[in-house]
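Take a look at the letters that make up each chain.
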Amino acid sequence: MTTATTEETKNVPQDVKEPVKDGADAVAETNNKQAENNDKKPAVAEKDDKVAAPAAPVEPPQPKFSVKKQNFDKDVVYLYQFSRTPVIPSMSPYCLKVETWLRLAGLKYENVDHKMKHRSKKGQLPFIELNGEEIADSTLIIKELSQKFGKDIDAALSQDQRNISHAMISMIENKLVWVITWWKTKTPENVIKGYKVNLQHALGTWVPNGVLNFLFKHSYSRKGLKKVKAQGIGVHKPEEILEFGQNDLKVLSDVLGDKLYFFGNEPSTLDVVAFANLAQLYFLDKDVECQLRDYLVDNFGNLVEHTNRIKERCFPDWEEMCKNLDLNSHLPKPPPVEEKPKEDGDKKAAENKTTEKEAKESSDEKGDGKKEGEKEPEDK
């Protein structure tokens, strides 16, 4: 039995035999492996050091803003207002007030062409978005921007002048503006004619202007008359309402006097508010009947001059923006892009034409000899 086993062992190929190790060899091998492991430890430590090294700072995730324009530029004011008209940048005194102030303060702003679809969370126009935050109401917009950018155009006013400014602005925005609003809602057809409103363009719709004008007259008049009655002025007789407006114009004219602006040689917030409301009357189309506009032009030349003065100072592009209904005529336009594909096509067509011409000339050279008996064509 033992012999057979020995013989089998002899017949096993040498490369498959498991070497027999005595105890000393086993201990030596164990020590060698341990030494090898010890030699590898510095490399592992070095690797651990690399892992433990401080990683590059990871940028925090961008916050999600609850604004309509997500891809905004920092410190750029995005203004949401009504569309342009051919006679005035905005037929809303509050929208015109904010844009006039932005230009006077020299802030970077951009009008958002939203086709009058959006309103602020308060349900108002105008409103702005700045650095992912919405600010509504024209007075609050000017206040917030003044503080953020240090653009207080009333900084040079004394306390007495500030008090007068506050009282005059309250008179304009709580009385005169409602007289003008009453006129607009009483005769909505004069709003469309007087400001030459193109509702199809303003709303960005395919619905015919005839249909839009009808709907505008119905809804604007109905809602507007409710507002002026709720405010209180709408319950009076037309001649009484007109007298309210005339008295406000006289007060404004007396305070302005012969000065360039209400408080001297530089415009203030009162100048901005007065301009935004007087412009609603003065720039109306002359063919449209408006008694308050006529009273302004006939009796208060200093207010007319003041209105034109603010227009020229803040809106040198007035004619362009009204003609083209351009919301951002104040922004530089990108250079026209060259149509390279078209040029390449023209070049290729020219090359093909040349090739065809050369081929024709070559063909004519080969066959310019006429056949016998062939006649020249006759002129007809």
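The rules we used
Residues numbered from 1 in each chain as written. Predicted model: local features only at pLDDT ≥ 70, side-chain atom pairs only at ≥ 80, totals over all residues. Heavy atoms only, no water. Helix = DSSP H or I, 4+ residues; strand = E, 2+ residues; numbered from the N terminus. Buried < 20%, exposed > 50% of the residue type's maximum accessible area, 1.4 Å probe, protein only. Contact = heavy atoms within 4.5 Å. Areas by Shrake-Rupley, 256 points an atom, 1.4 Å probe, with all protein chains shown as cover. Polar contact = N/O pair within 3.5 Å; in protein donor to acceptor, adjacent residues only side chain to side chain. Salt bridge = Lys/Arg side-chain N within 4 Å of Asp/Glu carboxyl O. Phe/Tyr/Trp six-rings, centres within 6.5 Å; stacked < 30°, edge-to-face > 60°. Core = buried A, V, L, I, M, F, W, Y, C linked by side-chain atoms within 4.5 Å. Pairing = 2+ DSSP bridges. Axes fitted to C-alpha atoms, helices over the stretch in contact; angles between N-to-C directions.

Caption draft 1: Layout of the overall build of the protein chain. Summing up its helical and strand segments, the protein chain has 14 helices and 4 strands in all. Out of the 380 residues in the protein chain, the part that is buried amounts to 37%. If you take every contact in the protein chain between residues at least 6 apart in sequence, the share linking residues at least 24 apart comes to 72%. Surface exposure of the protein chain reaches about 24600 Å², of which carbon and sulfur atoms provide 52%.

Caption draft 2: Inspection of the environment of Lys115 at higher detail. As for its position among the elements, Lys115 is in the loop between β2 (109–111) and β3 (127–130). Taking the C-alpha atoms as reference points, Lys115 and Tyr80, separated by 35 residues in sequence, lie 9.6 Å from one another. Those residues within four positions of Lys115 in sequence are excluded, and the remaining contacts are His201, Ala202, Leu203 and Gly204. A distance of 3.5 Å separates a polar atom in the side chain of Lys115 from the backbone oxygen of His201.

Caption draft 3: Spatial organisation of the pattern of salt bridges. Under the criterion given, the structure shown has 12 salt bridges. Residue Asp152 pairs with Arg162 through a salt bridge whose shortest N-O separation is 3.6 Å. Here Arg162 lies in helix α5 (residues 159–186) and Asp152 lies in the loop between α4 (138–149) and α5, a separation of 10 residues in the sequence. Look at Asp152 and you get partly exposed, because its relative accessible area is 38%. Its relative accessible area of 30% is what places Arg162 among the partly exposed residues. Lys333 is the salt-bridge partner of Asp326, the closest N and O atoms lying 3.3 Å from each other.

Caption draft 4: Quick look at the packing of aromatic side chains. What the rule picks out here adds up to 8 aromatic pairs. Between the aromatic rings of Phe275 and Trp318, the centroid separation amounts to 6.4 Å while the plane-to-plane angle is 70 degrees, which identifies the pairing as edge-to-face. Highlighted residues: Phe275 in helix α10 (residues 269–282) and Trp318 in helix α13 (residues 318–324), separated in sequence by 43 residues. Between Phe283 and Trp318, the ring centres sit 4.7 Å apart and the planes meet at 40 degrees, which makes this aromatic pair tilted. One end of the pair, Phe283, is in the loop between α10 and α11 (291–299); the other, Trp318, is in helix α13, and 35 residues separate them in sequence.

Caption draft 5: Looking closely at the nonpolar core. If you look at the biggest cluster of nonpolar residues, it comprises 71 residues, and the most contacted ones within it are Leu102, Leu145, Leu292 and Leu296. Looking at which element gives the most residues to this core, the answer is α10, with 10 residues. In this structure, Val76, Tyr78, Leu125 and Ala136 belong to the second largest nonpolar core, which totals 7 residues.

Caption draft 6: Region of interest: the side chain of Asn111. Here Asn111 is to be found in strand β2. Classification of Asn111 by relative accessible area gives buried; the value is 2%. Reaching out from Asn111, the side chain makes a polar contact with the side chain of Gln81 at a distance of 2.8 Å. Leave out the neighbours within four places in its chain, and Asn111 touches Leu79, Gln81, Arg84, Glu99, Leu327, Asn328 and His330.

Caption draft 7: Layout of helix α6 (residues 188–195). Among the 8 residues that make up α6, 6 are buried, leaving the element largely enclosed by the rest of the structure. Buried residues of α6: Pro188, Asn190, Val191, Ile192, Gly194 and Tyr195, and no others. Considering only its buried residues, α6 is in contact with α5, α8 (209–231) and α10. Of the residues flanking the end of α6, it is Lys196, one or two places downstream, whose phi is positive at about 55 degrees.

Caption draft 8: Representation of the sheet that holds β3 within the structure. Pairing in this open sheet of 4 strands is mixed, and the strands run β2-β1-β3-β4 from one edge to the other. At either end of the open sheet lies a strand with only one pairing partner, and these are β2 and β4 (133–136). Direction aside, neighbouring strands of the sheet carry axes that sit 25 degrees apart on average. With 3 bridges connecting them, strand β1 (residues 77–80) and β2 associate as parallel partners.

Caption draft 9: Broad picture of the pairing of β3. Along β3, one buried face is formed by Phe127 and Glu129 and the opposite face, lined by Ile128 and Leu130, is buried too. Pairing of β1 with β3, which is carried by 3 bridges, proceeds in the antiparallel orientation. Considered in β3, the bridge of Tyr80 is made with Phe127. Of the strand pairs in this sheet, β3 and β4 are connected by 4 bridges, and their pairing is antiparallel. Bridge pairing in β4 places Leu130 opposite Glu133.

These values are about where atoms sit, not about what they do.
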